[in-house]
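# Examination of the molecular architecture
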Amino acid sequence: MEQKIIDKCIDMGAEYCDIRIERKVGTSIEVKDRELKKAIPGEEEGASIRVLYKGAWGFHSTNEISEERLNEALERAFKLAKASSEKVKDRVKLGDVKVVSASIVWKPKIDPKDISIEEKHELLADMDKAIHEIKEIHTVTTGYGDSTIEKKFFSSEGSEISSKVTRTFAQVNLIAKENGKITDFRARVGGTSGFEIFKIYSPIEKGVEAAQSAVRVLRAKHSPSGRFPVIADPDLTGVFIHEALGHCTEADLVIAGDSILEGKIGERIGAEIVTIYDDPTIENAFGSYPFDDEGVRGQKKVLVENGILKNFIHSRESAFKLAMHPNGGARAESYAVHPHVRMSNTMLEPGEHTFEELVEDIKFGVYAKGSRGGQVDTAKGSFQFSALEAFLIENGEITKPLKDVALSGATLEILSQIDAIGKTQEFGTPGFCGKGGQLVPVGDGGPHIRIKEAIVGGMQ
Amino acid sequence: MIEIGKSIVELALKLGAEESEVFILKGSGTGLSIEKNSVGYASSGIEFGIGIRVIKEGRVGFAFCTKVSNAEKAVREALAVSKLGRKREYSFPEPKPVRKIDAIYDESILKFDSDFGLEKVSEIIDSALSVNKDITVSSGGFGFGESSFAIVNSKGVEVFDRGTYVYGSAYTVLRNGETTTGFEFETSRIFNINVSEIGRRAAEMTMKGRDAKNVETKDMTVLFTPYTLAGEVGGLFEFITAPAFYGEAAHKKESVYSGKVGECVTSESISIIDDGSLPNGLNSAVADDEGIPSKRVEIVKDGVLQGFLYDTATASEYNKESTGSAVRCERWASTRSFKSLPTTRSRNLTIEGEKQRLDELISDVREGVIVYEVLGAHTSNPASGDFSVNSSLLFKIENGEIVHPIKQAMISGNFHECLKRISGIGDDYKRLSGGLSTVSVFAPTIRIEKVRVTG
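Here's what I pulled together on the structure shown here. Given the structure is predicted, the values throughout are model-derived calculations rather than measurements. Here the residue numbers are simple positions, counted from 1 along each chain's written sequence. Chains and ligands are labelled sequentially in the order written, the chains with letters from A and the ligands with numbers from 1. Under the rules for a predicted model, residues below a pLDDT of 70 receive no local features and side-chain atom pairs below 80 are neither given nor counted, while totals for whole chains, interfaces and linings still include all residues. Excluded from the side-chain calculations are hydrogens and water; all other atoms, namely the structure's heavy atoms, are used.

Bringing the overall build of chain B into the picture now. In this text, helices come from DSSP runs of H or I with a minimum length of four residues, and strands from runs of E with a minimum of two, each type numbered from the N-terminal end. Helix and strand counts for chain B come out as 10 helices and 22 strands. Since a compact globule built from 455 residues should have a radius of gyration of about 23 Å, the 23 Å found for chain B is in line with a globular shape. Counting all 455 residues of chain B, 63% fall into the buried class. Contact criterion: two residues are considered in contact whenever any of their non-hydrogen atoms come within 4.5 Å of each other. In chain B, 72% of the contacts between residues at least 6 apart in sequence involve partners at least 24 apart. Counting 55 positive and 63 negative side-chain charges, chain B places the centres of these two groups 4 Å from one another. C-alpha atoms define the radius of gyration in this analysis, and the globule rule sets the expected value at 2.2 Å times the number of residues to the power 0.38. Classification of residues uses two cut-offs on accessible area relative to the type maximum, computed with a 1.4 Å probe and protein chains only: under 20% is buried, over 50% is exposed, and between them is partly exposed. Positive charges are assigned to Lys and Arg, negative charges to Asp and Glu, while His and the chain termini are left out of the count. Think of each charge as sitting on NZ of Lys, CZ of Arg, CG of Asp or CD of Glu.

In structure tokens, the structure reads:
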């Protein structure tokens, strides 16, 4: 069926087209303070078609998979592409990729489909119970989600790819209160895997740790504000790398004039000890995938090597435009939207120092842990991200707990300010990255890092 | 749609539900994106889905599907899952009369096609370039669409409404020695937006950012323009203020406003209202997502907290009336979904008070900043209200005048406390969609005294 439609599209004059079909089955559960808030089994499916006509894209999606609807989608997408082709200034060309015929199943070791909804509910109930044992914890909202997504990709170049990928996660959002002070805290564990991920990262342990951190934050002083040295833990390092560097290497932003890294391939943008890569092939990592949504195999890309900018994350069209190689970075949130250049798992390579060595050289600074997320202005290369908790560093020692530490800075400066990197790389919290109104699952991480000077915003 | 809803409600009752409710959502939209001074993607899509709630033995179950032919399967799933829920004294709402809302459905939008959209995209780009030909409109676009929904329940609720929307946006960059950026966007339910204004204003903001200087760290007056209150990755009003007014959080003592009904919680010069019936409101419709008629809810009146927002479940839990605040969405989702259960959300959150022109608001400021964009509003601590955001689109005000743009600064504080220090509001109301929630904010520039600015 799909082949017929693709052939028709080419006959109509398109130079390229692809069809994506998706079926998603999953479960979403939420428990708040021992009460089940929702337990939702869900099934969705849909299809979309992308048409390239005289270098202009047209796209249409529908949530019914049938020959009739796909033909309708073709008509609409083609019409959009044709109309667009009369106005587009830079005609799109696609970088060469291999024609692929593949069927990939990333089989989970413990398939969530084999776990009853009652058992999943019990996991959350156990988390809730354990966390509530800490008396300062006022509210606990635990959530569980799993999804198995089957994708089929067909292109006019002859590629035919089917894949089946499962993701599972559990998370907690909690509120702690004491003496009129209130704070929230959060944690999540999960991966591109089945229930077995909870054997590696225990949701109950993570939840209790989060609760203990929340209590520390309640009793903490507000962070000082100003410019000083900062040590980030692997979790925060991951977010930092994602925000400060990752987004700026998304080639579509580079081409649009929206990235500070435009024209800088081959230039030094960071300290020699800094090597950063984006890799969707890491087993179990939350941002992993076998093929991107253009039918290109997911692959590791070294973005920064020893401080030198080496590569961007590409889609087929961005690769062609910048005379570079497509590297499988085009992802869409679902069949309903077209792919953009996105990160997968963005990691900083480990260095040589122990944690103690990072701390002992600091006279006055901050040790920041965990993250509330961040945001970046890729055009100006300025970013912000917030830590979940922090500690003051005074004369080489970790002293008082601090709260609400936010860091900001400029991409081109901050990477040169990393003067020491820890030995042990860890994954940060699995998360969802938003860009262009689309969320995709991502991973990140690294070792501890020391930043010589960052702008820290606090309330003191 | 009502007929489909009725048949599924009846099917559910036949299959053993004591009560049932069906929510059907249908929509279509088209978007023409801008990439580097040209059209990027021309895309469109259609959506259709059904969310089914059942009550059996006092317990609620829910499931969804995307085809009418799968409705029976979904009903059975909902019934099965209901066994996990807690037994509650909860019943779906009774029917109540709804009133039509003004300016949310524009038939002319239904006739827009891709050629029209492409024309508008060209207008946005050309008007930006006419300010300075070296500017790049790096992203943005023009889009439009329509949606309709129906709610039918076994108590007799039969609500239907439809609406349209249109938006235009431009994000501009100028690299000429230094890099400056700008943006502008407009969203409306009816086609009353001026796309060439969008391009022009974005470009002008870019030009005004040149020769930026640093600022010293101190407490000063901050003018938060509407863009900082809601937006792409959440804004301060959207992320911190709105959730603090939700009934469940308030009653469970998770909100700083818990137990403060009758007390002064903001400056006396303002009132905060949530209005699902707001003409041309981005979330306006005849009813909320449970069929409760939309209405204007005064949350804060002249600084005094009047009450909180409720959906039918939280209203029944805490012995209150639903304020028509039920929205079907996931926790951080910016769009409504048939796949979600109804939860309390502010619909169109607005602030009222004695309005002044923006230049008047600025003229009374001895030392301060006016902020156009903040990064990291979503990284605030929503429970406590503590925030620390970064901005590189802000200007220094000295002795009543804007004197220079600022390169970069962090602005921090406690936003709930900030609302107590509002010393004036502007008349430059803007409709904003939420970035990390479905909340829409309709607000002007807000001037707040004594806020920490870190340079």
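Having seen the structure, we can now continue with the description.
Within chain A, the secondary structure is distributed over 10 helices and 24 strands. Each principal axis of the C-alpha atoms in chain A carries an extent, and together these give about 70 × 55 × 35 Å. Considering only residue pairs separated by 6 or more positions, chain A has 74% of its internal contacts joining residues 24 or more positions apart. Residue exposure ignores everything except the shown protein chains as possible cover, and the areas themselves are Shrake-Rupley values with a 1.4 Å probe. Total accessible area on chain A is roughly 17,000 Å²; 47% of this is exposed by carbon and sulfur atoms. Between the centroid of the 60 positive side chains of chain A and the centroid of its 72 negative side chains there is a distance of 3 Å.

What follows covers the interface of chain A and chain B. Taken together, the 83 residues of chain A in the interface contact 76 residues of chain B. Buried area: the accessible area, evaluated with a 1.4 Å probe, that two parts lose upon being put together, summed over both parts. Interface of chain A and chain B: buried area, both sides summed, is about 6,500 Å²; carbon and sulfur atoms make up 50% of it. Taken as a group, Asn63(A), Gln375(A) and Lys380(A) account for 10% of the area that chain A buries against chain B, more than any other trio of residues on that side. Here Glu254(B) makes a salt bridge to Lys32(A), at a shortest N to O gap of 3.4 Å. Any Lys or Arg side-chain nitrogen found within 4 Å of a carboxyl oxygen on Asp or Glu counts as a salt bridge.

As a further point, take the pairing of strand 15 (residues 345–348) of chain A. All names here are of chain A. Here strand 15 shows no split at all, with Asn345 and Met347 on one side and Thr346 and Leu348 on the other all buried. By the bridge criterion, three bridges tie strand 10 (residues 276–278) to strand 15 in an arrangement that is antiparallel. Bridge pairing in strand 15 places tyrosine 277 opposite methionine 347. With three bridges joining them, strand 15 and strand 23 (residues 438–446) adopt parallel strand pairing. Residue pairing for strand 23: asparagine 345 is matched across the bridge by glycine 443. A pair of strands is considered paired only if DSSP assigns at least 2 bridges between the two.

With that settled, consider the sheet that holds strand 20 (residues 430–433) of chain B. Read from one edge to the other, the open sheet built from six strands follows the order 10-9-8-13-21-20 (chain B), with strand pairing classed as mixed. The open sheet has two edge strands with one neighbour each: strand 10 (304–305) and strand 20 of chain B.

A few words on the nonpolar core. If you look at the biggest cluster of nonpolar residues, it comprises 67 residues, and the most contacted ones within it are Phe237(B), Phe387(B), Ile411(B) and Phe415(B). At six residues, the largest contribution of residues to this core is made by strand 16 (residues 386–398) of chain B. Aside from chain neighbours lying at most four places away, what touches Ile411(B) is Phe224(B), Val371(B), Phe387(B), Ser388(B), Val389(B), Leu394(B), Val451(B), Arg452(B) and Val453(B). By convention a nonpolar core is built from buried Ala, Val, Leu, Ile, Met, Phe, Trp, Tyr and Cys residues, the set being connected through side-chain atoms within 4.5 Å. Phe312(A), Ala368(A), Phe383(A) and Ala454(A) belong to the second-largest nonpolar core, a separate cluster that totals 45 residues.

Before going further, it helps to spend a moment on the packing of helix 4 (residues 114–129) of chain B against helix 5 (residues 195–208) of chain B. Residue and element names in this part refer to chain B. Running from amino to carboxyl end, helix 4 crosses helix 5 at an angle of 35 degrees, the nearest separation of the two axes being 7 Å. Crossing of helix 4 against helix 5: the hand is right-handed. On the side of helix 4, the interface is formed by Lys120, Glu123, Ile124, Ser127 and Ala128, while helix 5 contributes Val195, Ser196, Gly199, Arg200 and Ala203. As a working rule, the residues Ala, Val, Leu, Ile, Met, Phe, Trp, Tyr, Cys and Pro are called nonpolar, Asp, Glu, Lys and Arg charged, and the rest polar, with Gly in that last group. Considered class by class, the residues forming the contact of helix 4 with helix 5 number four nonpolar, three polar and three charged. Lines fitted to C-alpha atoms define the axes here, with helix axes fitted over just the stretch in contact, and angles between the N-to-C directions of these axes take values from 0 to 180 degrees. Two helices that cross are described as forming a left-handed crossing if the nearer one is turned anticlockwise from the farther one by less than a right angle, and a right-handed crossing if clockwise.

A separate point is the packing of helix 1 (residues 2–11) of chain A against helix 2 (residues 67–85) of chain A. All names here are of chain A. For the pair helix 1 and helix 2, the least separation of the axes is 10 Å and the interaxial angle reads 25 degrees. Compared by their axis directions, helix 1 and helix 2 come out roughly parallel. Judged by the twist between their axes, the crossing of helix 1 over helix 2 is right-handed. Contacts from Lys4, Ile5, Lys8 and Cys9 in helix 1 reach Glu67, Leu70, Asn71, Leu74, Glu75 and Phe78 in helix 2. Here the contact of helix 1 with helix 2 is composed, by residue class, of five nonpolar, one polar and four charged. Each angle is binned into one of four classes, with values under 35 degrees roughly parallel, values over 145 roughly antiparallel, values of 65 to 115 roughly perpendicular, and all other values oblique.

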